[in-house]
Amino acid sequence: MARIISPSMLSADFGHLDRDTRLMHDSAAEWIHIDVMDGVFVPNISFGFPVMKAIRAATDKFMDVHLMIVEPERYFERFIDAGAQLVTFHQEAVNDPRAALEQIRSLGAKSGISIKPGTPVSAIADVLDVADLVLIMSVEPGFGGQSFIEGSWDKVRQLRRLIDEKGTGTLIEIDGGVGVHNAGELFRAGCDALVAGSAVFGAPDPKAEIIKMLEA
Ligand code: DX5
Ligand code: ZN
């Protein structure tokens, strides 16, 4: 099973975005997580294309884009043009998840679908064959720095079983309240990729923190 850390740039110092992106570029993190919030799907607004392009200019690492926006299909192409290699939208934000996942693949990126804490794994069970990744939200989307919702463990284990049964090879990513305290257990429970914002950028030595999470 893969062990991937995807640091969330939402917790970076935007006054020193270039410095923080290069720090992640030089770290053991394989991916870079980009949180896009529109103030409608979630009660917060983060950033969009210009900021994402600045991050892209400072690193060629795999760009994992998490869209917390309504009508995400309208923007897939622009995010991919701006450097997204994996585009993840929310199941709760679309009417036809299968069509949205297929659209992302047809544009040449990896397809991801995310579920909020209140949405069951069963809501995405039928589209795993077209999903390269499922992102389980372990906090209510909208803000960094929240505590991990313990009910997420069951969702990870259930999804792991489902993916293994179906043999789709879909990756499992988890996002929210992740750090050294739970990283090892999350990998062992079946997660392939862990998103971490405040745990990485709030640490005295972010690069060392990433290694601790990978070795936990
Ligand atoms: C929350 C975002 C997360 C957030 C994680 O809506 O999707 O990616 O940045 O932050 P931490 O790791 O601080 O919980
Ligand atoms: Zn995220």
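Right, let's walk through the structure included here. Values in this document were obtained by computation on a predicted structure and should not be read as measured data. (Residues numbered from 1 in each chain as written. Chains lettered and ligands numbered in written order. Predicted model: local features only at pLDDT ≥ 70, side-chain atom pairs only at ≥ 80, totals over all residues. Heavy atoms only, no water.)

## Examining the overall build of the protein chain
Here is the rule: Where helices and strands are cited, they refer to DSSP runs of H or I of at least four residues and of E of at least two residues respectively, numbered from the N terminus. Computation of the radius of gyration draws on C-alpha atoms alone. For the globule rule, the value is 2.2 Å times the number of residues to the power 0.38. Relative accessibility thresholds used throughout: buried, under 20% of the residue-type maximum; exposed, over 50%; partly exposed, between the two (1.4 Å probe, protein chains only). The contact definition used throughout considers only heavy atoms, calling two residues in contact when any of these lie within 4.5 Å. Residue exposure ignores everything except the shown protein chains as possible cover, and the areas themselves are Shrake-Rupley values with a 1.4 Å probe. Counted as positive: Lys and Arg. Counted as negative: Asp and Glu. His and the chain ends are not counted at all. For charged residues, the charge sits on one atom: NZ in Lys, CZ in Arg, CG in Asp, CD in Glu.
The helix and strand tally for the protein chain stands at eight helices and eight strands. Taking 216 residues into account, the globule formula puts the C-alpha radius of gyration at 17 Å, and the protein chain, at 16 Å, falls close to it. Dimensions of the protein chain along its principal axes, counting C-alpha atoms only, are 40 × 35 × 30 Å. Taken across its 216 residues, the protein chain has 54% of its residues classed as buried. For the protein chain, long-range pairs separated by at least 24 residues make up 66% of all intrachain contacts whose partners lie at least 6 apart in sequence. Total accessible area on the protein chain stands at roughly 9,000 Å², and carbon and sulfur atoms take up 49% of it. Seen as two clouds, the 20 positive and the 31 negative side-chain charges of the protein chain have centres 2 Å apart.

## Side note on the site of ligand 1
Going by this rule: We call a residue near a given molecule or strand whenever any one of its heavy atoms falls within 4 Å of it. Here a polar contact is taken to be a pair of N or O atoms separated by no more than 3.5 Å, where protein atoms must pair a possible hydrogen donor with a possible acceptor and residues adjacent in sequence count only if both atoms sit in side chains. Both cavities and pockets are sets of points on a 1 Å grid over the protein atoms alone; in a cavity a 1.4 Å probe fits but cannot get out, in a pocket the set is open with protein on both sides within 12 Å along at least five of seven lines, and lining residues sit with an atom within 4 Å of a point. Any molecule with more than half of its atoms within 2 Å of a cavity's or pocket's grid points is regarded as sitting in that cavity or pocket. Residue polarity follows a fixed list, in which Ala, Val, Leu, Ile, Met, Phe, Trp, Tyr, Cys and Pro are nonpolar, Asp, Glu, Lys and Arg are charged, and the others, Gly among them, are polar.
In the vicinity of ligand 1, 20 residues are found, and the nearest of them are Asp35, Gly145, Asp175, Gly197 and Ser198. At 2.8 Å from an oxygen atom of ligand 1 is found a main-chain nitrogen or oxygen belonging to Gly142. Ser198 places a polar side-chain atom, nitrogen or oxygen, 2.5 Å from an oxygen atom of ligand 1. Coverage of ligand 1 by the protein amounts to 100% of the 380 Å² it exposes when considered alone. More than half of the atoms of ligand 1 fall within 2 Å of the grid points belonging to the largest pocket. Top element by residues in the shell around ligand 1 is strand β2 (residues 31–37). It accounts for three residues. When grouped by side-chain class, the residues that make up the shell around ligand 1 number eight nonpolar, ten polar and two charged.

## So, the packing of helix α1 (residues 17–25) against helix α2 (residues 49–58)
Helices that pack against each other are described as a pair by the angle of their axes relative to one another and the distance between those axes. For clarity, the threshold we go by: The angle between two axes is taken between their N-to-C directions and runs from 0 to 180 degrees, where each axis is a line fitted to C-alpha atoms and a helix contributes only its stretch in contact. Orientation categories follow fixed angle ranges, with anything under 35 degrees roughly parallel, anything over 145 roughly antiparallel, 65 to 115 roughly perpendicular, and all other angles oblique. For a crossing to be left-handed, the near helix must be turned anticlockwise from the far one by less than a right angle; the clockwise case is right-handed.
Contact pair α1 / α2: the axes reach a minimum separation of 9 Å and the direction vectors enclose 45 degrees. The angle between α1 and α2 falls in the class oblique. As α1 runs across α2, the sense of the crossing is right-handed. Facing Leu17, Asp18, Thr21, Arg22 and His25 of α1, the residues of α2 in contact are Val51, Ala54, Ile55 and Ala58. Residues belonging to the contact of α1 with α2 are distributed by class as follows: five nonpolar, two polar and two charged.

## Looking at the side chain of Glu209
Its location among the elements puts Glu209 in helix α8 (residues 206–215). Assessed through its relative accessible area of 16%, Glu209 is described here as buried. Contact partners of Glu209, with chain neighbours within four places excluded, come to Val180, Ala199 and Ala203.

## Describing the side chain of His90
By secondary structure assignment, the location of His90 is in strand β4 (residues 86–90). Within polar-contact distance, the side chain of His90 engages the side chain of Glu92 at 2.9 Å. Not counting the four nearest positions on each side in its chain, His90 is found in contact with Phe41, His66, Leu67, Met68, Ser114, Ile115, Lys116, Met137 and Pro141.

## Examining the coordination of the zinc ion (ligand 2)
Heads up, the condition is: For Na, K and Ca the donor cutoff is 3.2 Å, while for all other metals N, O and S atoms count as donors only within 2.8 Å; water does not appear among the atoms, so some sites may look incomplete. Four donors are marked tetrahedral only if all angles between them lie between 85 and 135 degrees, whereas four are marked square planar and six octahedral if opposite donors are more than 155 degrees apart and the other angles lie between 65 and 115; the remainder are marked irregular.
Protein coordination at the zinc ion (ligand 2): the donors are His33 (NE2), Asp35 (OD), His66 (ND1) and Asp175 (OD), at 2.0 to 2.3 Å from the metal. Of note is the zinc ion (ligand 2), whose six donor atoms meet at the metal with angles of 69 to 168 degrees in an arrangement that counts as octahedral. When the donors of the zinc ion (ligand 2) are listed by position in the chain, the intervening gaps give H-x1-D-x30-H-x108-D. In this pair, His33 sits in strand β2 while His66 sits in strand β3 (residues 62–68), placing the two residues 33 residues apart along the sequence. Across the pair, His66 and His33 agree in class, each one buried.

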